[in-house]
Each structure stands twice: as C-alpha cells, then as structure tokens.
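A look at the structure
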Amino acid sequence: MRDNHFSTWTTVGLALLVTLFTACSTTEINSRNALIQHDNTAKSEYAKVYFIRPNTEHMQGFPDNPLNVLINGQELMKLGKGEYTLVYLKPHEITITLENLTQTRGRWEVETVKQSRIFDFEAGQTYFLVTQPVDGEFRGVHFRPELRLAADAKVISKRLKAVGQAKQEPIQSL
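Residues numbered from 1 in each chain as written. Predicted model: local features only at pLDDT ≥ 70, side-chain atom pairs only at ≥ 80, totals over all residues. Heavy atoms only, no water.

**Comments concerning the sheet that holds strand E9 (residues 141-148)**
Spatially, the five strands line up as an open sheet ordered E9-E8-E2-E5-E10, and their pairing is mixed. Taken across any chain shown, the strands that pair with only one partner, and hence form the sheet edges, are E9 and strand E10 (161-162). (Pairing = 2+ DSSP bridges. Helix = DSSP H or I, 4+ residues; strand = E, 2+ residues; numbered from the N terminus.)

Put into structure tokens, the structure is as follows:
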C-alpha cells in the first residue's frame, strides 16, 4: 500500500514538472533595439517579420541553446528551439546574423559561429525568416537565415510554439 501511495505522488510530481517546463518559452526579445516598432498604431509603416526556429531531428548539444539573433550588429533576440515569434521592424536594409556555440574539430572544442545575410524589408510586407540549421560535421552546427514563402512557413510552424507577439498573430491564421 505504501509503494502505491509513493508511486501516485511520483507520477503527479513528474506530470507537474513536465507541465511547467513545456509552458515556458526560451525566446527573449530585446525591446530596446532601435529597429523594433514600438507604436502599435503605426504597424503598416513597418515590416512584419516572423522569426522561425524549427525543431531538429536529433539533439545537437550547444546549438540546442537559444540562438542569438542580431540585426546590424545589435542583439534583437534569443530564439528558442521549436519556437517562433513576430517582430515589427523599421523598413530598412538589415543584416541579420545568427550566432551560436558549437563543438568543432575535436570532441571538446567549443567555438562561436556566425552566419549573416542582408535583407531589404519593406513597410507593410510580411516576411518569414527561418533559422535553418546546417550540420558542418567537424566545423560544427551553424544556422543560416533564409526567407521562406507563407505556405512553407505554415508547414514549418505547424508544430512549433508561438511566443511573444506571434501568440496574438500566429502564422496559421494568415
């Protein structure tokens, strides 16, 4: 009888922990970035940019941590694995850099790797930017920013968690 009581409480405790961990998001947006729109009445004057980070097939170690997203060299956000978010950005030619830690060469060598691309965002347009993981074997895992069509973004984001402003404007509702 005592073992059954212990088993019930263990099951309840584990279920509670799983619920707590799955309810949390790891994405954090740096709202102080100068290119982010802060006036909700002027959304049409900004570019609507969804940042999408798909899950991976296998665990990747350090690259599974939140991904640093920089625009024009300034931190925009840390994007969690399996999450997507929405940011309204000032229309502008913007360099987006994805930065992460990865293991390279040997088993214990950890380095920061970066991939950058230039995008020209226009006011009133919607963009879907996917952080595409690339496994470089001995060069480590890095992420490449890629623009995708709305139809692709809907498929990719179907099983991802919408966080931040994307909760109010999810990709699936477009």
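And the narrative resumes.
**A closer look at the nonpolar core**
Membership of the largest hydrophobic core comes to 22 residues, with the highest contact counts inside it found for Phe51, Val69, Leu76, Leu89, Ile96 and Phe121. Counting only elements with at least two residues in this core, the list comes to strand E2 (47-53), strand E3 (67-71), strand E4 (74-79), strand E5 (83-89), strand E6 (92-104), strand E7 (109-121), strand E8 (126-135) and E9. Sequence-distant contacts of leucine 89, that is, excluding residues within four places in its chain, are made with Leu35, Ile36, Tyr46, Ala47, Val49, Phe51, Ile71, Leu76, Ile94 and Phe121. (Core = buried A, V, L, I, M, F, W, Y, C linked by side-chain atoms within 4.5 Å. Buried < 20%, exposed > 50% of the residue type's maximum accessible area, 1.4 Å probe, protein only. Contact = heavy atoms within 4.5 Å.)

**A look at the pairing of E2**
Among the seven residues of E2, seven are classified as buried, and the element is accordingly described as predominantly covered. Alternating positions in E2 separate into two faces, Ala47, Val49, Phe51 and Arg53 on one and Lys48, Tyr50 and Ile52 on the other, with burial throughout. Taken together, the seven bridges between E2 and E5 define a ladder with antiparallel strand orientation. Within E5, the residue paired with lysine 48 across the bridge is tyrosine 88.

**Description of the environment of aspartate 135**
Mapped onto the secondary structure, aspartate 135 falls in strand E8. Under the relative-accessibility criterion, aspartate 135 is labelled exposed at 55%. Through-space distance from the C-alpha of aspartate 135 to that of glutamine 60 is 9.1 Å; in sequence the pair is 75 residues apart. Residues contacting aspartate 135, with those up to four places away along its chain left out, are Gly140 and Val141.

**Comments concerning a nonpolar patch on the surface**
On the surface, Phe62, Leu101 and Val110 cluster together into a nonpolar patch covering about 220 Å² of accessible area. On the secondary structure map, valine 110 appears in strand E7. (Patch = residues over 30% accessible without salt bridge, like charges linked within 9 Å, V, L, I, M, F, W, Y side chains within 5 Å. Areas by Shrake-Rupley, 256 points an atom, 1.4 Å probe, with all protein chains shown as cover. Salt bridge = Lys/Arg side-chain N within 4 Å of Asp/Glu carboxyl O.)

**Description of the packing of aromatic side chains**
Counting across every chain of the model gives four aromatic pairs. Between phenylalanine 121 and tyrosine 127 the ring centres are 4.8 Å apart and the planes differ by 55 degrees, which places this aromatic pair in the tilted class. On the basis of relative accessible area, phenylalanine 121 is assigned to the buried category, the value being 2%. You can call tyrosine 127 buried: its relative accessible area is 14%. Taken together, the aromatic side chains of Tyr50, Tyr84 and Phe128 make up a single cluster linked through ring pairs. (Phe/Tyr/Trp six-rings, centres within 6.5 Å; stacked < 30°, edge-to-face > 60°.)

**What about the pairing of E5?**
The buried fraction of E5 is high, at seven of seven residues. Residues Glu83, Thr85, Val87 and Leu89 of E5 are buried on one face, and the alternating residues Tyr84, Leu86 and Tyr88, pointing to the opposite face, are buried as well. One ladder, built from two bridges, connects E5 with E10; its direction is parallel. Its bridge partner being in E10, glutamate 83 is matched across the sheet by lysine 161.

**A short note on the confidence of the model for the protein chain**
Residues with a pLDDT of 70 or more make up 80% of the protein chain, whose mean pLDDT is 84. pLDDT under 50 marks residues 15-23. Its contacts with residues more than four places away, or in other chains, come to two contacts. (pLDDT = per-residue confidence, 0-100.)

**So, the pattern of salt bridges**
Two side chains with opposite charge may pair up if their charged atoms get near one another. Counting across every chain of the model gives six salt bridges. Between glutamate 75 and lysine 78 there is a salt bridge; the shortest N-O distance is 3.4 Å. Here glutamate 75 falls in the partly exposed class, since its relative accessible area comes to 33%. Lysine 78 gets classed as partly exposed once you look at its relative accessible area, which sits at 28%. Each of Lys43, Lys48 and Glu169 takes part in one network of salt bridges that share partners.

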